[in-house]
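Listed below, chain by chain, are the residues.
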Amino acid sequence: MSRSMITMSIPFRQDMPPVGGFEAVRYKRNLPLRGPSGLAILGGVTALCAYGFYRVGKGNIEKRELQREKIWSRIHLVPLLLAEGDRDAYRREQAALAREKEIMKEVKDWEVGKSVYNNPRYRSSEYIVVL
């Protein structure tokens with residue numbers, strides 16, 4: 001038999017959906033809510049950054065105050081340090097004059113402390129030799 005004969009002998013029956021239709025196809029994702037929303041995360045990060053900037057600002061104020069205190073303490077110490085340096089220079093100069101007097105005691109007409117440059121102006125020694 002030919003193929004066309006077989007298909008003709010079976011009555012035609014169209015495939016139809018069941019009565020009442022097929023059940024609905026669920027295509028949505030059914031995932032539970034996990035964690036905070038994006039807005040909550042953004043708010044948390046913003047709050048955290050604001051707190052960090054607040055602490056940085058407080059730290060900058062504290063650092064500025066410490067720097068100001070250090071500057072003023074140095075300003076108030078300058079006269080004391082200058083006076084101490086002057087006392088030390090005077091002591092060294094007197095010791096140098098005493099050494100000069102001891103060394104040159106046998107030289108006739110030697111004036112202790114007189115400048116060899118014949119200049120009456122005072123000039124502090126520029127070099128300090130620590131023995």
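Just so you know, these numbers come straight off a predicted model, no measurement behind them. (Residues numbered from 1 in each chain as written. Predicted model: local features only at pLDDT ≥ 70, side-chain atom pairs only at ≥ 80, totals over all residues. Heavy atoms only, no water.)

Some details on helix H2 (residues 38–103)
For step 1, the next point in the chain: With 66 residues, H2 should reach 98 Å at 1.5 Å per residue; the first-to-last C-alpha distance of 91 Å fits that figure.
For step 2, the next point in the chain: The largest bend in H2 amounts to roughly 35° and is located at Leu77, with the proline Pro79 lying one to four residues further along. (Helix = DSSP H or I, 4+ residues; strand = E, 2+ residues; numbered from the N terminus. Expected span 1.5 Å × (residues − 1). Bend = angle between axes of the 7 residues up to and from the residue.)

What to know about the UniProt feature "transmembrane region" (unreviewed entry) in the protein chain
For step 1, the next point in the chain: Here, UniProt's "transmembrane region" (unreviewed entry) annotation points to residues 37–54.
For step 2, the next point in the chain: Helix makes up 94% of residues 37–54 and strand 0%, with an end-to-end C-alpha separation of 26 Å. (UniProt positions renumbered as here; feature names shortened; annotations may be inferred.)

Structural notes on the pattern of salt bridges
For step 1, the next point in the chain: This structure, assessed with the given rule, holds 4 salt bridges.
For step 2, the next point in the chain: Here Glu65 makes a salt bridge to Arg68, at a shortest N to O gap of 2.6 Å. Residue Glu65 and its partner Arg68 are both found in helix H2; the two are separated by 3 residues, about one turn of the helix.
For step 3, the next point in the chain: By relative accessible area, which is 37% here, Glu65 ends up partly exposed.
For step 4, the next point in the chain: For Arg68, a relative accessible area of 42% gives the class partly exposed.
For step 5, the next point in the chain: Three or more residues are tied together by salt bridges with common partners; here these are Asp88, Arg91 and Arg92. (Salt bridge = Lys/Arg side-chain N within 4 Å of Asp/Glu carboxyl O. Buried < 20%, exposed > 50% of the residue type's maximum accessible area, 1.4 Å probe, protein only.)

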